[in-house]
Amino acid sequence: MSDAKGAGPALAMLGSVPLFSGLGKSQLRTMVTSAKERTYRAGETIVKQGEKGIGFYLILDGQARVEKAGQQVAVLGPGQFFGEMALLDQQPRTADVLASGAVRCLVLSPWEFWSAVGNEPEVLRTLLKETVRRMRSGPAALSD
Ligand code: CMP
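Just so you know, these numbers come straight off a predicted model, no measurement behind them.

As a further point, take the sheet that holds strand β1 (residues 36-40). Within the open sheet, the four strands sit side by side as β1-β8-β3-β6. Their pairing is antiparallel. Each edge of the sheet is formed by a strand with only one pairing partner; in this case those strands are β1 and β6 (81-82). Sheet analysis places β1 next to strand β8 (residues 103-108), joined by five bridges and oriented antiparallel. Residue Glu-37 lies in a different strand from β8, and its bridge partner there is Leu-106.

This is the structure:
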């Protein structure tokens, strides 16, 4: 897996992410240059259920599976995000997220996230809608 050499590929990717479709080029560029890119090997735990964590993750390449109490509840791919729940309520992670194969993510700190989208109602609306959908999905989602 190659390391990121610049903002170009991540920027092009972000432009096509539905969550960020309302953002302008300069906002996307600010986000990409401040955020960090991380790569994970197959099987690696990216976030762990029950642990404190604050990062917001956007998948650039590869697939990650979401597991609650060891049960798979979702598979996420390029353009999809995770980690928004702990970011929103500052409580422990609600699920494990594991790399299914090699996974490359853009990781935003809370500060980077809020300064990029805190004043963007369309982004926040999309984020909340997806978060509520996730919380409603499946009986496993109803328990802590
Ligand atoms: P967070 O709780 O911060 O960390 C685990 C993440 O898994 C969570 O944020 C969501 O991004 C994601 N997640 C939890 N439940 C689901 C679900 N049912 N479908 C998709 N993603 C989920």
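On to the packing of helix α1 (residues 8-15) against helix α2 (residues 25-34). Contact geometry for α1 and α2: axes closest at 10 Å, N-to-C directions at 130 degrees. Looking at the two axes, α1 sits oblique to α2. Along this stretch, α1 crosses α2, giving a crossing that reads as right-handed. For the pair α1 and α2, the contacting residues are Ala-10, Leu-11, Leu-14 and Gly-15 in the first and Lys-25, Leu-28, Arg-29, Met-31 and Val-32 in the second.

Of note, the phi angle at Ala-69 is positive, near 45 degrees, even though the residue is not glycine. Positionally, Ala-69 belongs in the loop between β4 (64-68) and β5 (71-76). One non-glycine residue, Gln-90, lies in positive phi territory at about 55 degrees.

This brings us to the pattern of salt bridges. Counted by the stated rule, this structure contains seven salt bridges. Between Arg-104 and Glu-37 there is a salt bridge; the shortest N-O distance is 2.7 Å. A residue pair is termed long-range when its members are at least 10 positions apart, and Arg-104 in strand β8 and Glu-37 in strand β1 qualify at 67 residues. According to the relative accessible area criterion, Arg-104 is buried, its value standing at 12%. Linking Arg-133 and Glu-130 is a salt bridge whose minimum nitrogen-to-oxygen distance equals 2.9 Å. Taken together, the residues Arg-133 and Glu-130, both in helix α5 (residues 121-136) and three residues apart, mark about one turn of the helix.

Another point: the packing of aromatic side chains. Applying the stated rule across the entire model yields four aromatic pairs. A centroid spacing of 4.8 Å and a plane angle of 10 degrees characterise the contact between Tyr-57 and Phe-82, whose relative ring orientation is stacked. One end of the pair, Tyr-57, is in strand β3 (residues 56-61); the other, Phe-82, is in strand β6, and 25 residues separate them in sequence. Assessed through its relative accessible area of 9%, Tyr-57 is described here as buried. On the numbers, 5.0 Å between centres and 85 degrees between planes, the contact of Phe-113 with Trp-114 is edge-to-face. In textbook terms, an aromatic cluster arises when at least three aromatic residues are bridged by ring pairs, as seen for Phe-56, Phe-81, Phe-113 and Trp-114. Cation over ring: Arg-134 sits above Phe-81, and NZ or CZ is 4.6 Å from the ring centre.

Cut-off values and rules
- Residues numbered from 1 in each chain as written.
- Predicted model: local features only at pLDDT ≥ 70, side-chain atom pairs only at ≥ 80, totals over all residues.
- Heavy atoms only, no water.
- Pairing = 2+ DSSP bridges.
- Helix = DSSP H or I, 4+ residues; strand = E, 2+ residues; numbered from the N terminus.
- Axes fitted to C-alpha atoms, helices over the stretch in contact; angles between N-to-C directions.
- Parallel < 35°, antiparallel > 145°, perpendicular 65-115°, else oblique.
- Left-handed = near helix turned anticlockwise from the far one by under 90°.
- Contact = heavy atoms within 4.5 Å.
- Salt bridge = Lys/Arg side-chain N within 4 Å of Asp/Glu carboxyl O.
- Buried < 20%, exposed > 50% of the residue type's maximum accessible area, 1.4 Å probe, protein only.
- Phe/Tyr/Trp six-rings, centres within 6.5 Å; stacked < 30°, edge-to-face > 60°.
- Lys NZ or Arg CZ within 6 Å of the ring centre and 35° of its normal.

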